[in-house]
Amino acid sequence: MIKVDPKVQRIIDWRESFITLPDNHFFELIRMYLGEIHSPFNKQKLIEQLGAFLRKEENRRTIINLLSESDILILAAVYYIPNATTEKLSNFFDKTINFAKLYERLLNLEERLLIYRHGDKNTRKTLISLNPMLEDEILPLLSKKILLPLPVLETRNEEVPSSLTPEKLAAFINFVCTNPGLCKADGTIKKRDCEKLEEIFGSGTAPVFQHIFTAFINLSLVKENLNGYEIDGSRLKSFAGLDEKLQYAYLCVAGIGRFSRTALMSQAKLLLETANSLPATGFARTCVLRTAFLLFEKDPSSFSSSECAFGGGRFNSILARAQGEDENSSANSILENPSAVMDRLCDSATMFGILQEYGKDENGETVFVKGGVLFKKTVSGTGIGAEPELPKVLNIDPAFNVTVFPGLPLKELLPLMRIMDLKQFDTAAVFEITRKSIMRALDSGLAEKEILEIIKKFCAYELPENLLVSIEDWSNSYSSASLYKGYVLKVDEKSTVLVQNNPSISPKISKIIAPGAFLLNVASDEEAQNLIKESGLDFIGSIQTPKSELSGPAFPVFEINRTAGSALLGGGTAQLRSGAISESEGSDSYGVITTDEERKEHFDMLRGLLDKMAITPEQREGLLLRINRKIILTPQQLNADSVKLEQIEANGMDYQGKVHVAESAITQNMMLELEYDDKKMPDGLAIIVGTPVSVEKNPVDSVVHLVVEPEHEERAFSLGQARNVKRIRGSVLR
């Protein structure tokens, strides 16, 4: 098998793609560059002539010299986005270039032979690539820094950024435990409880905790009971075992909606890797979104192939059951537009400290840098070998007020939250040990000895004597009366030893309520009957609901690629506006881009020649349009005979012209661009691009049915009310 040079293969693909263009498009492009076509003709020979035209050094230089900065921006996106399509480019430039303008630019670059379209046999999508005939001239002009420019700061944010911490998260969990009725039926925190939160944590903090509580609901970390909401201890324990960065990323994602585990992991991973990829001086919000897009497109499988990372399937089934949604459909959301996903996550990521607002750039956009959370080295107790030595963070005064200083991970703070009540949160959190809090701890299954061990573990000093006495007193009071629900086995004194030594029943004894009375760890009647049969004590019948703690399903765990950004973005530094931008790092280099004045000389020369030509007004208008669209490179292309006279645009009161343009677009399988007045739009205009399907005429108006891009939805539009109707080719999209 003959091995073909990759560039030669791309040139062959370009020629094949060109020859498969619709005839009207093919011959129009040929006429633009080679002049009028005379019969008989051969398409292959015409393409060879066009190739010869492109191989001329003067023509190649002119094509490159006419490139503007906006042209190079789009060419860079086509080059750096793997398997670029119109949809991908539209998503990448979302909020900066609307679809109508982007499509117009792509069409123009195709007419200028800088890009071409070709089908992908695997995905059956239409891909857009650089013309391999001009690659050597184009590539030196391209750099990822064109797509991701470093910001020029106008103002700098001097405020100390807020951030989520294990202490703050634990304190809020304690607040939920002591205020189970804090939420309305729709999951929003009640006004009274919002005021409580701001009194404890500070003014303006209620929205942060609303976001966290919504995430708790969507992650099933809380569950409803008769009094409102309660913490699901097993799931929270599983969540607290995650790395701190993963915890906050999951809270960011779950705070905006319910997702399957695949979508949850994908979006959390995208958020963390994007934040890790930001340069020291940050990116404007637009570039943050573009960074997310490029990271995803660089290796989509690392964000979507998640089964191995998650382990077993129990989490998936429980989460899907709790959320009631299809996993595949939710996972597809990130595949469609990673920029939009990142846009939704930016605000919560800033609240939680994954991102930090650094200031404003010259365009008024917020500049983001890595948040403090990403620089923290968290304490982990899951490593191999001895557990790390944890700091003594508790200080208890004689009035049982407990000051908790920073230093413990959430996993270690959770047991403390079961035995204290929150009073105030600042640099350090202040709690109080009360009779009510100890009763709650005992009710959760902790014994008096365990409570004291938890407190002593993190207290630097001996516990106050009066605290020990009070806890003992409260424990005795709690034990003086108990209310049980479940399966209780009651036997006489003679059978007590027999039951306690029975190999089937003994492991199932949850608590000895009284001599001969055993609370069994059995969850159903069927299990109780099977236990009796296995024990051989078939005369026993009992009912019991044990205080069992279900093992929480594991949360998704994944590795964060901390070097993705370095290979993707390159370095560079930015200063305040008064300083210069330095791009001293990174291997990307720019070619020489011509100035507006240099390009103007070319246009002025061609327009001067056009003014001297004796041609019809229609021919002059057609050639002038080609000059303005940078299609005419040499005076030889100013050939009036190559202009095909036809109406492709109608505006104003030309109602019949608008109908004619729409109908001809249907006949010739082309697209339409409709322009309407719209005060809601920034420039007062709404521009719609799509493929016309039909035109319905009535005595009052005519309506065109259009498959709108990029939504691919059929909608109806008035032709009479349109400010402008223009027929355009749809080659880039098809």
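Our structure is the block above this text.
Each residue is numbered by its place in its chain's sequence as written, counting from 1. Reporting in this predicted model follows two pLDDT cut-offs: at least 70 for local features of residues, and 80 or more for side-chain atom pairs to be given and counted; totals over whole chains, interfaces and linings ignore these cut-offs and use all residues. Side-chain figures throughout are based on the complete set of non-hydrogen atoms in the structure, without hydrogens or water.

Novice: How would you explain the sheet that holds strand 21 (residues 724–728) if you had to name every residue and give the values?
Specialist: Only strands joined by at least two bridges in the DSSP assignment are considered to pair. Here a strand is any run of E in DSSP of at least two residues, a helix any run of H or I of at least four, and the numbering for each starts at the N terminus. In spatial order, the strands read 16-21-17-18-19-20; together these six strands make up an open sheet with antiparallel pairing. At either margin of the open sheet sits one strand with a lone partner, and together these are strand 16 (649–651) and strand 20 (713–718). Strand after strand, the sheet turns through a mean of 35 degrees between neighbouring axes, direction not considered. In the sheet, strand 19 (residues 702–708) pairs with strand 20 via six bridges, with the strands oriented antiparallel. Paired with Val703 across the strands is Ser718, a residue of strand 20. Whether two residues touch is decided by their heavy atoms; if any such pair falls within 4.5 Å, the residues are in contact. In this analysis, axes come from line fits to C-alpha atoms, helices being fitted only over the stretch in contact, and the angle between any two N-to-C directions falls in the range 0 to 180 degrees. Helix 31 (residues 655–667) contacts strand 16, strand 17 (671–677), strand 18 (685–697), strand 19 and strand 21 of the sheet and is inclined by roughly 75 degrees relative to strand 18.

Novice: So what's going on with helix 15 (residues 261–277)? Which residues, and what values?
Specialist: End to end, helix 15 covers 24 Å across 17 residues, agreeing with the expected 24 Å (1.5 Å per residue, within 8%). Burial of helix 15 is extensive: 17 of the 17 residues sit out of reach of the surface. Expected helix span is taken as 1.5 Å per residue step, with the number of steps being one fewer than the number of residues. Whether a residue is buried, partly exposed or exposed follows from its accessible area with a 1.4 Å probe, protein chains only, as a fraction of its type maximum: under 20%, in between, or over 50%, in that order.

Novice: Summarise the packing of helix 10 (residues 166–178) against helix 22 (residues 410–417); cite the residues concerned and give the values.
Specialist: Between two packed helices, what matters for the description is the angle formed by their axes and the separation of those axes. With their axes 9 Å apart at the nearest point, helix 10 and helix 22 run at an angle of 30 degrees to one another. Classified by the angle their axes make, helix 10 and helix 22 are roughly parallel. Regarding helix 10 and helix 22, the two cross each other, and that crossing is right-handed. Every residue of helix 22 that contacts helix 10 at Pro166, Glu167, Leu169, Ala170, Ala171, Ile173 and Asn174 is listed here: Leu410, Leu413, Leu414 and Met417. Roughly parallel refers to an angle under 35 degrees, roughly antiparallel to one over 145, roughly perpendicular to one between 65 and 115, and oblique to any angle outside these ranges. Crossings are assigned a handedness: left-handed for a near helix turned anticlockwise from the far helix by less than a right angle, right-handed for a clockwise turn.

Novice: Tell me about the sheet that holds strand 13 (residues 488–490), and please be specific about residues and values.
Specialist: With respect to topology, three strands assemble into an open sheet ordered 13-15-14, the strand pairing being antiparallel. Both outer strands of the open sheet, strand 13 and strand 14 (509–514), are each paired with one neighbouring strand and no more. Across this sheet, the average inter-strand angle for adjacent strands is 25 degrees, counted without regard to direction. In this structure, strand 14 lies alongside strand 15 (residues 517–520), joined through four bridges in antiparallel fashion. Residue pairing for strand 15: Lys511 is matched across the bridge by Leu519.

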